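Chain by chain, the residues:
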Amino acid sequence: MLQKVWVSSPGSWALQESNSHHQGKKRCWKCRFVRTIIQHPCRRHAPKRSRKERMLRKIQICLCFCFVSGILYEISLLSSCVFSYLPMAQQYLTPEQVLNLGKSIIFLETTERLEPPPLVSCSVESAARIYQDRPIILFMRGLNNETALDMNTSYAAFSLLSSMKNVFLFPLQMETVFQETPLLQWYNQVVPEQEKNWVHVSSDASRLALIWKYGGIYMDTDVISIRPIPQRSFLAAQKSRFSSNGIFGFPARHKFIWDCMENFVLKYNGNIWGNQGPFLMTRMLKTLCNLTDFQGTEDHSCQNISFLNPQRFYPIPYPAWSRYYQVWDKSPNFNHSYALHLWNFMNRNRKVVVAGSNTLAENLYKTYCPSTYEDLIQNAKRR
């Protein structure tokens with residue numbers, strides 16, 4: 001039988017004393033210790049038990065210990081400290097179990113490809129290193145519940161990313177993601193084959209639904225993290241008076257994200273690139289406040305939403321995107337940045353990081369995603 005205990009002083013446990021104690025009955029210290037676990041009288045104060053009774057008592061103690069240990073292990077899997085102290089049993093955790101922590105960093109791959117290219121791998125790895133106490137989730141459209149993600153897979157990036165204790169690779173099941181949101185009706189009516197920008201539009205919708213349901217931070221797969229983002233509710237200014245949707249963060253069930261989903265459906269036009277993305281975020285932010293130009297490195301605030309300076313994520317603006325793949329006389333320090341957006345959408349010539357090129361992108365890989373960089377070097381040697 002379990003007996004009530006409480007902490008009497010730091011580092012010690014005490015039993016609730018009965019009236020018999022005050023009547024002069026003494027108990028040995030061993031009895032007190034054992035009674036904090038189960039009610040078990042001291043041998044010198046009780047008749048000897050039979051061998052069978054002692055065996056049953058031992059079995060009860062073992063079962064109780066196993067039960068409590070199991071509960072504590074399950075709790076530890078869902079605690080933030082698990083990423084620092086325990087190997088993650090990733091294959092046993094569902095997306096809901098991980099997302100319900102409310103502090104995930106979310107990436108999306110809405111194409112069908114199953115091999116993340118180096119930039120995607122670098123983005124996920126850099127986030128895993130910067131946010132070691134948070135789950136990093138890469139949702140992939142090409143995955144399904146039958147897809148095997150073992151450590152010996154032929155996809156090198158899978159092995160690399162799945163070996164990181166706080167990285168999770170999950171299938172992106174849009175119909176499930178859109179449940180209980182304004183986006184479900186739109187999704188049931190839209191015909192993906194007839195959509196001009198379906199890869200981008202479906203990504204714009206999915207990121208809104210995931211952040212609204214579970215909270216956390218969304219990042220594009222061409223964003224390299226360099227230091228933690230301190231704000232919980234924020235949008236990233238791409239330039240003055242214009243918001244990106246490539247990086248944003250909110251607590252679960254935030255009204256701003258719900259309003260964005262409603263506007264997504266109300267003003268849907270899949271033929272205009274960005275209409276459901278950065279243009280959506282910008283027009284919704286303008287309904288809340290009067291946007292002004294940034295001065296220096298200041299951030300703006302609008303009804304408890306931080307509108308972060310372009311220097312935080314876009315110190316190199318999109319017209320100059322190719323500078324990431326150039327050699328710099330003096331590498332910038334990006335002291336005012338939390339992450340860097342490499343503008344992969346603009347990279348139509350498919351510039352890549354080449355080992356030994358000494359470009360800015362290569363130096364970023366070396367610093368913030370060294371495992372991806374090492375893998376890139378090994379692949380280059382094999383070729």
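- The name given to the chain in an unreviewed UniProt entry is A4GCT acetylglucosaminyltransferase, and the organism recorded there is Setophaga kirtlandii.
- What UniProt records for the chain under Sequence similarities (unreviewed entry) is the sentence "Belongs to the glycosyltransferase 32 family."
- What UniProt records for the chain under Subcellular location (unreviewed entry) is the sentence "Golgi apparatus membrane".

**A few points about the overall build of the chain**
Phase 1 of the analysis: Broken down by element type, the chain carries 14 helices and twelve strands.
Phase 2 of the analysis: Counting over 383 residues, the chain shows a buried share of 45%.
Phase 3 of the analysis: For the chain, contacts bridging at least 24 residues in sequence account for 69% of all contacts bridging at least 6.
Phase 4 of the analysis: Just so you have it, the chain exposes about 21,200 Å², and 53% of that area is on carbon and sulfur atoms.

**Observations regarding the state of the cysteines**
Phase 1 of the analysis: Under the counting rule described, the total for this entry stands at two disulfides.
Phase 2 of the analysis: Between the sulfur atoms of Cys122 and its disulfide mate Cys369 the distance is 2.0 Å. In this structure, the disulfide formed by Cys122 and Cys369 twists by about -80° around the S-S bond and is classed as left-handed. Taken as a pair, Cys122 in helix α6 (residues 118–130) and Cys369 in the loop between α13 (360–368) and α14 (370–382) lie far apart in primary sequence, 247 residues in all.

**Observations regarding the environment of Asp293**
Phase 1 of the analysis: Locating Asp293 in the fold gives a position in the loop between α12 (278–286) and β10 (300–302).
Phase 2 of the analysis: Sequence separation between Asp293 and Lys239 is 54 residues, and the spatial gap between their C-alpha atoms is 8.6 Å.
Phase 3 of the analysis: Ignoring sequence-local partners within four residues, the contact set of Asp293 consists of Ser240, Arg241, Glu298 and His300.
Phase 4 of the analysis: In this structure the side chain of Asp293 is engaged in a polar contact, spanning 3.1 Å, whose partner is the side chain of Arg241.

**A few points about the sheet that holds strand β3 (residues 105–109)**
Phase 1 of the analysis: If you walk across this open sheet you meet the eight strands as β5-β4-β3-β6-β9-β8-β11-β10, and the pairing is mixed. Each edge of the open sheet carries a strand with a single partner, namely β5 (167–171) and β10. Each strand of the sheet is rotated relative to its neighbour by a mean of 30°, with strand direction disregarded.
Phase 2 of the analysis: Of the strand pairs in this sheet, β3 and strand β4 (residues 136–140) are connected by five bridges, and their pairing is parallel. Across the sheet, the residue bridging to Phe107 is Leu138, located in β4.
Phase 3 of the analysis: Across the sheet, α12 touches β8 (234–239), β9 (242–250), β10 and β11 (305–308), and the angle it forms with β9 is around 85°.

**Some words on the pattern of salt bridges**
Phase 1 of the analysis: According to the stated counting rule, one finds eight salt bridges in the structure shown.
Phase 2 of the analysis: The network of salt bridges with common partners includes Asp204, Arg207 and Asp220.

**Quick word on unusual backbone geometry**
Phase 1 of the analysis: A positive phi angle, near 65°, is found at Glu180, a position not held by glycine.
Phase 2 of the analysis: Mapped onto the elements, Glu180 comes out in the loop between α8 (174–177) and α9 (183–189).
Phase 3 of the analysis: Phi is positive for Arg241, close to 65°, though the residue is something other than glycine.
Phase 4 of the analysis: Tracing the backbone through its elements, the reader meets Arg241 in the loop between β8 and β9.

**What about the pairing of strand β6 (residues 216–219)?**
Phase 1 of the analysis: Of the pairings in the sheet, the one linking β3 to β6 comprises two bridges and is parallel in character. Note on β6: the bridge partner recorded for Ile106 is Tyr218.
Phase 2 of the analysis: One ladder, built from four bridges, connects β6 with β9; its direction is antiparallel. Bridge assignment links Gly216 to a residue of β9, and that residue is Phe250.

Definitions and limits used
- Residues numbered from 1 in each chain as written.
- Predicted model: local features only at pLDDT ≥ 70, side-chain atom pairs only at ≥ 80, totals over all residues.
- Heavy atoms only, no water.
- UniProt positions renumbered as here; feature names shortened; annotations may be inferred.
- Helix = DSSP H or I, 4+ residues; strand = E, 2+ residues; numbered from the N terminus.
- Buried < 20%, exposed > 50% of the residue type's maximum accessible area, 1.4 Å probe, protein only.
- Contact = heavy atoms within 4.5 Å.
- Areas by Shrake-Rupley, 256 points an atom, 1.4 Å probe, with all protein chains shown as cover.
- Disulfide = S-S within 2.5 Å.
- Polar contact = N/O pair within 3.5 Å; in protein donor to acceptor, adjacent residues only side chain to side chain.
- Pairing = 2+ DSSP bridges.
- Axes fitted to C-alpha atoms, helices over the stretch in contact; angles between N-to-C directions.
- Salt bridge = Lys/Arg side-chain N within 4 Å of Asp/Glu carboxyl O.

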